[in-house]
Amino acid sequence: MSPSPISVRLFAYAVALLLLSACGSTYPPRKFSLPQRLREASGLVIDQGRMLWHNDSGDGPYLYSTDMAGSLLKVDTLRAAAIDYEDICQDEAGRLYLGDFGNNRGLRQQQVIYRYDTVSERTDSIVFTYPGQDGRGIQYPGNYNCEAMVFLDGQLHLFTKDVLSGDRPFYIKHFRLPATPGNHEAKLVDSLYLPRRVITGATLDREKKELYLVAYNFRVLLGFIPSGAASLITISGYPGDEFFKGNIERRNISWAVPTQHEAVAIYDDRYLYIAAEATAIRRRAIARRIRR
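Structure report, in brief. (Residues numbered from 1 in each chain as written. Predicted model: local features only at pLDDT ≥ 70, side-chain atom pairs only at ≥ 80, totals over all residues. Heavy atoms only, no water.)

The subject of this paragraph is the pattern of salt bridges. Where charged atoms of side chains with opposite charge meet at close range, the side chains can pair. Tallied over the entire structure, the rule returns 15 salt bridges. Asp47 is paired through a salt bridge with Arg50; the nearest N and O atoms lie 4.0 Å apart. Overall, Asp47 belongs to the buried group, its relative accessible area being 18%. Taking the relative accessible area as the measure of exposure, Arg50 reaches 28% and is therefore partly exposed. The residue Arg292 makes a salt bridge to Asp205 at a minimum N-O spacing of 2.7 Å. Placement of Arg292 in the segment after β21 (286–291) and of Asp205 in strand β15 (residues 198–205) is noted, with a sequence separation of 87 residues between them. (Salt bridge = Lys/Arg side-chain N within 4 Å of Asp/Glu carboxyl O. Buried < 20%, exposed > 50% of the residue type's maximum accessible area, 1.4 Å probe, protein only. Helix = DSSP H or I, 4+ residues; strand = E, 2+ residues; numbered from the N terminus.)

Listed below in structure tokens is the structure:
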């Protein structure tokens, strides 16, 4: 018995829809390795089809541009120092902010965020301290480490990183400071209890009002087996810029094998890209696309 004309038309229509859907959902690679020069990829912004990266401490004041498959396109050198770059964000005018605010031991007495204009190649400095910062050590109040930053309404928002050892309270502190060159003291906005996890990167969807934080934990099983997990924390429905008063959800993005994800950026309404630094076993940093 031959199919009816209606069945043939319905089948053809379904195939056409599938083809159109496939053509309209072309994405960059889901996962790829980064160039050797980006072994310690620590911050990421996606802008006009390019990925803009920087390394962690030990590198110079460099901004790396790659395509959406990780091929290196360009390296810009900022007129700036480089102690410990930890995160990057972008304002509405396209200017970039590179946070030289890594402070693992708590010995720094001030930090710098470099504002970089990619058109004029001008670099300005935003120098800041935390209330009570004196450089005595990470165990003293005011001497915070930070690896996560976003821009909103002319302000930079910083999220501190605690220490994954000892008897720690495990609170993230949210500080705010003006995104303007000069000297500033960061203002404490709020804090959030995050047991046994530390924050290593942030990105913000200003239109949808969604903040994304990447975090990880680390522990030793049976006294000698290293184990860890990375998490994505999504915060939505917050009033103004009081992020920690919003709805907070957490999901794991890696398990078991210790992996340090430090870079995260919004790709589109459906996806983020995150990146993990190279390890002794995996010799290159890895970027991958995950659902929001």
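Pairing is antiparallel in the open sheet, where four strands are placed in the order β2-β3-β4-β5. Bordering the open sheet on either side are β2 (41–47) and β5 (72–77), each of which pairs with just one other strand. Going from strand to strand, the sheet's axes swing by 25 degrees on average, the running direction of each strand aside. For strand β3 (residues 50–55) and strand β4 (residues 62–66), the ladder comprises three bridges, and the chain directions are antiparallel. Note on β4: the bridge partner recorded for Met51 is Thr66. (Pairing = 2+ DSSP bridges. Axes fitted to C-alpha atoms, helices over the stretch in contact; angles between N-to-C directions.)

Here the focus is the side chain of Asn217. Its place among the elements puts Asn217 in strand β16 (residues 210–221). Note on Asn217: relative accessible area 17%, which makes it buried. A polar contact of 2.9 Å, which involves the side chain of Asn217, links it to the backbone nitrogen of Ala229. (Polar contact = N/O pair within 3.5 Å; in protein donor to acceptor, adjacent residues only side chain to side chain.)

Below, the discussion takes up the sheet that holds strand β1 (residues 31–33). Backbone-to-backbone hydrogen bonds join strands into a sheet, with any given pair of strands oriented parallel or antiparallel. Spatial ordering of the open sheet is given by β1-β21-β20-β19, a layout of four strands whose pairing is antiparallel. The open sheet has two edge strands, β1 and β19 (261–266), and neither has a second partner. Taking the axes of each pair of neighbouring strands and ignoring which way they run, one obtains an average angle of 20 degrees across the sheet. Two elements, β19 and strand β20 (residues 271–276), share five bridges in a ladder whose sense is antiparallel. Residue pairing across strands places Ile266 opposite Leu272, the latter belonging to β20.

In terms of nonpolar packing, the biggest core is built from 18 residues, with Phe159, Ile199, Leu211, Leu213 and Phe243 touching the most fellow members. Broken down by secondary-structure element, the contributors of at least two residues to this core are β10 (145–152), β15, β16 and β17 (225–236). Discounting chain neighbours no more than four positions away, the residues touching Ile199 are Glu147, Ala148, Phe159, Thr160, Lys161, Ile172, Leu194, Leu213, Val214, Ala215 and Ile233. (Core = buried A, V, L, I, M, F, W, Y, C linked by side-chain atoms within 4.5 Å. Contact = heavy atoms within 4.5 Å.)

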